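Each chain, written out:
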Amino acid sequence: MRPAQWLAIGIAAAGVLYLILNAGGLLWISFTLAFSFGIYGLLRKTAHLGSLPGLTVEMAVLCLPALAYALFLQSSGQAAFAHGLPSTTLLLAFSGVITAVPLLLFAYGARQVPLTSLGVLQYIAPTMQFLIGVLLYGESFTPSRIIGFSLIWLALALYWRDSFRQRGRTATA
């Protein structure tokens, strides 16, 4: 990595550390999501499987635990599938397709970009969720969050700027 990228990572880490110290508790859900999706992105990037075979392996691994949970819900009377409105059952049936298509596209796209760029791109969804939370649902945006998020966004801007400058240098060379 280039020095500007290391600087961006340092600034982002400072922003995350600032948010952690001002959170008032352990952010275990945030850490779980960050690490699990980061590891997932790394595995999809380095796996020697195409998009469809890779998704097939993922679904084969997850199928038995999901089936066991679905059967448990069914036997305990808590299942929604085929017990509610037909529209609910139809939505549940098609949720697999709605989930599989983005996973296939992600797996294909993850192999096309550098891992560092993939990490930056993975910040887009949480940023959109943050904006929806603050702008649509009125979630509080405290001064400590402003400082932490500003550091992270500054790091992203520095990283993108360095990447675009490097791409321009490579194109002219």
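Structure first, text after, so check above.
Quantities reported herein were computed from a predicted structural model and do not represent experimental measurements.

Criteria and thresholds
Residues numbered from 1 in each chain as written. Predicted model: local features only at pLDDT ≥ 70, side-chain atom pairs only at ≥ 80, totals over all residues. Heavy atoms only, no water. Helix = DSSP H or I, 4+ residues; strand = E, 2+ residues; numbered from the N terminus. Contact = heavy atoms within 4.5 Å. Phe/Tyr/Trp six-rings, centres within 6.5 Å; stacked < 30°, edge-to-face > 60°. Core = buried A, V, L, I, M, F, W, Y, C linked by side-chain atoms within 4.5 Å. Buried < 20%, exposed > 50% of the residue type's maximum accessible area, 1.4 Å probe, protein only. 1 Å grid on protein atoms, 1.4 Å probe; cavity = no way out; pocket = protein on both sides within 12 Å on 5 of 7 lines; lining within 4 Å. Points joined across faces, edges and corners; volume = space filled by probe spheres on them. Nonpolar A, V, L, I, M, F, W, Y, C, P; charged D, E, K, R; others polar. Expected span 1.5 Å × (residues − 1). Arc of directions from axis to C-beta. Axes fitted to C-alpha atoms, helices over the stretch in contact; angles between N-to-C directions. Parallel < 35°, antiparallel > 145°, perpendicular 65-115°, else oblique. Left-handed = near helix turned anticlockwise from the far one by under 90°. Salt bridge = Lys/Arg side-chain N within 4 Å of Asp/Glu carboxyl O.

## Quick notes on the environment of Ala107
- Looking at the element boundaries, Ala107 is found in helix H4 (residues 86-110).
- Among all residues touching Ala107, those that are not within four sequence positions of it are Arg44 and Ser51.

## A short note on the side chain of Asp162
- Looking at the secondary structure, you find Asp162 in helix H7 (residues 143-172).
- Residue contacts for Asp162: discarding those within four places in its chain leaves Arg2, Ala4 and Gln5.

## A word on the packing of aromatic side chains
- Enumeration over the complete set of coordinates arrives at 7 aromatic pairs.
- An aromatic cluster is built from Phe130, Phe141, Phe149 and Trp153, whose rings are joined through pairwise contacts.

## Here's the deal with the nonpolar core
- Core analysis: the biggest nonpolar cluster contains 5 residues, these being Leu19, Phe130, Phe149, Ile152 and Leu156.
- Of all the elements, H7 adds the most residues to this core, at 3 residues.
- Residues within four places of Phe130 in sequence aside, it is in contact with Phe141, Phe149 and Trp153.

## What about the layout of surface pockets?
- Its boundaries defined by the atoms lining it, the largest pocket holds a volume of some 2,000 Å³.
- Val16, Ala34, Tyr123, Pro126 and Ile152 are the residues nearest the centre of the largest pocket, which is lined by 47 residues in total.
- For the lining of the largest pocket, the secondary structure elements donating two or more residues are helix H1 (3-21), helix H2 (28-46), helix H5 (115-121), helix H6 (124-136) and H7.
- No other element matches the 11 residues that H2 contributes to the lining of the largest pocket.
- Here the lining of the largest pocket is composed, by residue class, of 32 nonpolar, 13 polar and 2 charged.

## Considering H6
- The end-to-end C-alpha distance of H6, which contains 13 residues, comes to 17 Å, matching closely the 18 Å that a straight helix rising 1.5 Å per residue would cover.
- Restricting attention to buried positions, one finds in H6 the residues Thr127, Phe130 and Gly133. Down the axis of H6, the sector holding all buried residues measures 125°, keeping them to one side. Across from the buried face of H6, at angles greater than 90 degrees, the exposed residues are Met128, Gln129, Leu135 and Leu136.
- Those residues of H6 that are buried lie in contact with H7.
- Positive phi shows up at Gly138, right after H6, with a value of about 70°.

## Comments concerning the packing of helix H3 (residues 51-75) against H4
- Running from N to C, H3 and H4 point in directions that differ by 125°, and their axes come no closer than 9 Å. Between H3 and H4, the interaxial angle falls into the category oblique. In this structure, H3 meets H4 at a crossing whose hand is right-handed. Residue-level contacts link Ser51, Leu52, Leu55 and Met59 of H3 to Ala100, Leu103, Leu104, Ala107 and Tyr108 of H4.
- Here the contact of H3 with H4 is composed, by residue class, of 8 nonpolar, 1 polar and no charged.

## A look at unusual backbone geometry
- Positioned with a positive phi, Ala82 is a non-glycine residue whose angle comes to about 65°.
- Tracing the backbone through its elements, the reader meets Ala82 in the loop between H3 and H4.

## Details of the pattern of salt bridges
- Evaluation of the coordinates by the stated rule reveals 2 salt bridges.
- The residue Arg2 makes a salt bridge to Asp162 at a minimum N-O spacing of 2.8 Å. Taken as a pair, Arg2 in the segment before H1 and Asp162 in helix H7 lie far apart in primary sequence, 160 residues in all.
- Across the pair Arg145 and Glu139 runs a salt bridge whose closest N-O atoms are separated by 2.9 Å.

In short, geometric facts, not functional conclusions.
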